[in-house]
Amino acid sequence: AMRFVEEHGPCAPSMGWRAAVKRATEDPQLGLISFFAALIALIVLPFSIYRFTQGQIGVGIIDAVIVMAVSAVGIVAWLPGQTARAGILMAIVTTTSCLVVSLLFARHGLLWSYAVLTTNFLLTSRRMAIIANVTVFAILGSHPQVFTNHVERVVFLSSGLLVTLCAYIFSLQSTRQRQALEHLAIHDPLTQAMNRRAFDIDLATTLQAHQLSQSPCTLAIVDLDHFKSVNDDYGHPSGDLVLKKVAMALRGQAREEFIVARIGGEEFAVVLPESSLEKSVAFAEKLRIAISELEFSLNDEIKQITVSIGAASWLSGMSATGDLMRAADEQLYRAKQGGRN
């Protein structure tokens with residue numbers, strides 16, 4: 001769903017400032033790139049104006065080019081699907097600017113390098129940031145006129161390496177925390193299947209793609225038979241164990257492109273893209289048998305669980321995801337009425 005939005009995007013030339021703020025807030029990388037572009041432009045622009053007023057035309061032109069470059073990258077970041085590429089471009093622009101300024105102004109220019117060494121890890125991938133930082137160390141560290149003596153060179157390289165290491169660790173931890181939060185946001189905490197909110201978004205996006213391509217897509221709804229009796233007779237911990245094991249069986253039987261979600265208490269859904277109804281029914285039957293053969297140790301008693309499954313394929317006359325859900329629900333009801341399992 002996120003990939004679809006990025007490619008087809010909410011970004012449009014007529015976007016209002018509220019929508020722009022909302023998009024920048026929801027996309028951290030876009031927000032960072034926009035912030036850095038504005039900040040660098042606001043900081044460097046006065047220097048450029050000052051250089052021109054002092055007759056330092058060459059240096060003023062360099063500062064002006066930096067302002068225009070970061071501003072252009074900031075604009076590119078707002079184009080649909082270009083945020084990641086803009087991050088790489090921003091890292092290239094800021095690193096190159098840092099090198100040029102450092103080579104021109106020696107120690108005074110070196111002060112900007114620490115900001116660049118840090119922000120590279122915020123703008124782009126850790127691999128690209130390491131490449132950019134190593135480039136800074138190699139060029140500045142080997143240049144004969146940037147440092148007055150070898151002690152200054154060693155101090156710069158040591159402190160720069162420390163800054164890079166700290167930025168790398170911060171980036172790594174931030175990525176892990178973000179991934180953990182994203183996982184929690186879209187997964188059911190008990191079964192680790194996709195949760196209902198994420199499922200609704202993915203189903204809508206999947207069906208929109210299939211409407212455009214007119215390719216088949218099937219939804220199967222899986223409901224555990226007599227699950228209430230498991231909770232009543234053996235307790236909710238036993239019921240949780242059953243749900244987790246059934247979810248594992250679902251994920252084990254599903255292909256990588258299938259969407260497996262828990263959409264209710266004991267109800268799961270599987271979206272089968274590019275699958276005809278006939279192939280989906282064959283998959284559902286295989287799944288039904290696999291679950292019926294599972295054995296559960298509940299309070300030292302071996303139990304088996306069955307499921308009923310209703311499947312429906314998207315048809316051209318369907319107007320929304322709700323139509324497909326209702327069609328699959330009707331088939332599930334028929335499966336229940338037919339004796340379950």
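In case you missed it, the structure is sitting above this.
We now turn to the structure provided with this report. Every residue gets a number counted from 1 within its own chain, in the order that chain's sequence is written. The model is predicted, so local features are restricted to residues of pLDDT at least 70 and side-chain atom pairs to those at 80 or more, both for listing and for counting; the totals for chains, interfaces and linings are taken over all residues. Side-chain metrics in this entry use all non-hydrogen atoms of the structure; hydrogen atoms and water are not considered.

## Notes on the packing of helix α2 (residues 17–26) against helix α3 (residues 28–53)
Thought 1: Interaxial angles span 0 to 180 degrees and are taken between N-to-C directions of axes, which are lines fitted to C-alpha atoms, for helices over the stretch in contact. In this description a helix means any DSSP run of H or I spanning at least four residues, a strand means any run of E spanning at least two, and both kinds are numbered starting from the N terminus. Two numbers describe how α2 lies on α3: the axes approach to 5 Å, and their chain directions differ by 115°. Here α2 lies roughly perpendicular to α3, going by the angle between them. Between α2, through Arg23, Ala24 and Glu26, and α3, the contact on the second element is made entirely by Pro28, Leu30 and Gly31.
Thought 2: Three residue categories are used. Nonpolar comprises Ala, Val, Leu, Ile, Met, Phe, Trp, Tyr, Cys and Pro, charged comprises Asp, Glu, Lys and Arg, and polar comprises the others, including Gly. The residue makeup of the contact of α2 with α3, split by class, is 3 nonpolar, 1 polar and 2 charged. Should an angle fall under 35 degrees it is called roughly parallel, over 145 degrees roughly antiparallel, and 65 to 115 degrees roughly perpendicular, with every other angle called oblique. The contact criterion used is simple: two residues touch if any of their non-hydrogen atoms lie within 4.5 Å.

## Some thoughts on the layout of surface pockets
Thought 1: Put simply, the second largest pocket is a space of about 540 Å³.
Thought 2: The definitions used throughout rest on a 1 Å grid laid over the protein atoms alone, on which a cavity is an enclosed set of points accommodating a 1.4 Å probe that cannot get out and a pocket is an open set flanked by protein within 12 Å on both sides along at least five of seven lines; lining residues are those having an atom within 4 Å of a point. Along its surface, the second largest pocket is lined by 23 residues, and Ile40, Ile43, Val44, Val101 and Trp112 are the ones closest to its centre.
Thought 3: When contributions to the lining of the second largest pocket are tallied by element, the ones reaching two or more residues are α3, α4 (57–76), α5 (83–105) and α6 (107–123).
Thought 4: Residue composition of the lining of the second largest pocket, grouped by class: 16 nonpolar, 5 polar and 2 charged. Grid points are joined across faces, edges and corners, and a volume is the space filled by probe spheres set on the points.

## Looking at the packing of helix α9 (residues 196–213) against helix α13 (residues 321–337)
Thought 1: Taken N-terminus to C-terminus, the directions of α9 and α13 make an angle of 110°; their axes are 10 Å apart at the nearest point. Between α9 and α13, the angle is such that the two are roughly perpendicular. The segment α9 lies against α13, with Arg196, Phe199, Leu203, Ala204 and Leu207 engaging Thr321, Leu324 and Met325.
Thought 2: The residue inventory of the contact of α9 with α13, partitioned by class, reads 6 nonpolar, 1 polar and 1 charged.

## Some thoughts on unusual backbone geometry
Thought 1: At Asn299, a residue that is not glycine, the phi angle is positive and equals roughly 50°.
Thought 2: Topologically, Asn299 is positioned in the loop between β4 (296–298) and β5 (301–303).
Thought 3: Burial classes: relative accessible area under 20% of the type maximum marks a residue as buried, over 50% as exposed, and values in between as partly exposed (1.4 Å probe, protein chains only). A residue is classified by how much of its surface remains accessible, and Asn299, at 52% relative accessible area, is exposed.
Thought 4: Although it is not a glycine, Asp300 adopts a positive phi angle of roughly 65°.
Thought 5: You can see Asp300 is positioned in the loop between β4 and β5.
Thought 6: Judged by its relative accessible area of 80%, Asp300 is exposed.

## Describing the pattern of salt bridges
Thought 1: Throughout this description, the term salt bridge denotes a Lys or Arg side-chain nitrogen within 4 Å of a carboxyl oxygen of Asp or Glu. One pass over the full model with this rule turns up 10 salt bridges.
Thought 2: One salt bridge connects Lys336 with Asp223, and the closest N-O pair in it is separated by 2.7 Å. Here the residue Lys336 occupies a position in helix α13, and Asp223 occupies one in strand β1 (residues 217–224), the gap between them amounting to 113 residues.
Thought 3: Two residues, Glu285 and Arg288, come together in a salt bridge whose shortest N-O distance is 2.6 Å. You can see Glu285 and its partner Arg288 sitting in helix α12 (residues 277–292), 3 residues apart, about one turn around the helix.
Thought 4: Judged by relative accessible area, which is 36%, Glu285 ranks as partly exposed.

## Topic: a nonpolar patch on the surface
Thought 1: Like-charged residues within 9 Å of one another, or nonpolar side chains (Val, Leu, Ile, Met, Phe, Trp, Tyr) within 5 Å, are grouped into patches, provided each residue has over 30% relative accessible area and no salt bridge. Method for areas: the Shrake-Rupley scheme with a 1.4 Å probe, in which residue coverage is limited to the protein chains shown. On the surface, Phe35, Leu39, Ile43, Phe47 and Trp112 cluster together to form a nonpolar patch covering roughly 460 Å² of accessible area.
Thought 2: As for its placement among the helices and strands, Phe35 is situated in helix α3.
Thought 3: Note on Phe35: relative accessible area 48%, which makes it partly exposed.

## Some points on the packing of aromatic side chains
Thought 1: Planes of paired rings set the category: under 30 degrees apart is stacked, over 60 is edge-to-face and the rest tilted, where pairs are Phe, Tyr or Trp rings (Trp by its six-membered ring) whose centres lie within 6.5 Å. Summed over all chains, the structure comprises 7 aromatic pairs.
Thought 2: Residues Phe47 and Trp112 carry aromatic rings whose centres are separated by 6.3 Å and whose planes lie at 85° to one another, so their mutual orientation is edge-to-face. You can see Phe47 sitting in helix α3 and its partner Trp112 sitting in helix α6, a full 65 residues away along the chain.
Thought 3: Judged by its relative accessible area of 38%, Phe47 is partly exposed.
Thought 4: The class of Trp112 is partly exposed, set by a relative accessible area of 40%.
Thought 5: Centroid distance Phe121 to Tyr168: 6.2 Å. Interplanar angle 85°. Geometry classified as edge-to-face. You can see Phe121 sitting in helix α6 and its partner Tyr168 sitting in helix α8 (residues 150–186), a full 47 residues away along the chain.
Thought 6: What links up through ring pairs into an aromatic cluster is the set Tyr114, Phe137, Phe147 and Phe156.
Thought 7: Any Lys NZ or Arg CZ found within 6 Å of a ring centre and within 35 degrees of that ring's normal is scored as a charge over the ring. Residue placement shows Lys245 over the ring face of Phe296; its charged tip is 5.2 Å from the ring centre.

Taken by themselves, the reported measurements are silent on function.
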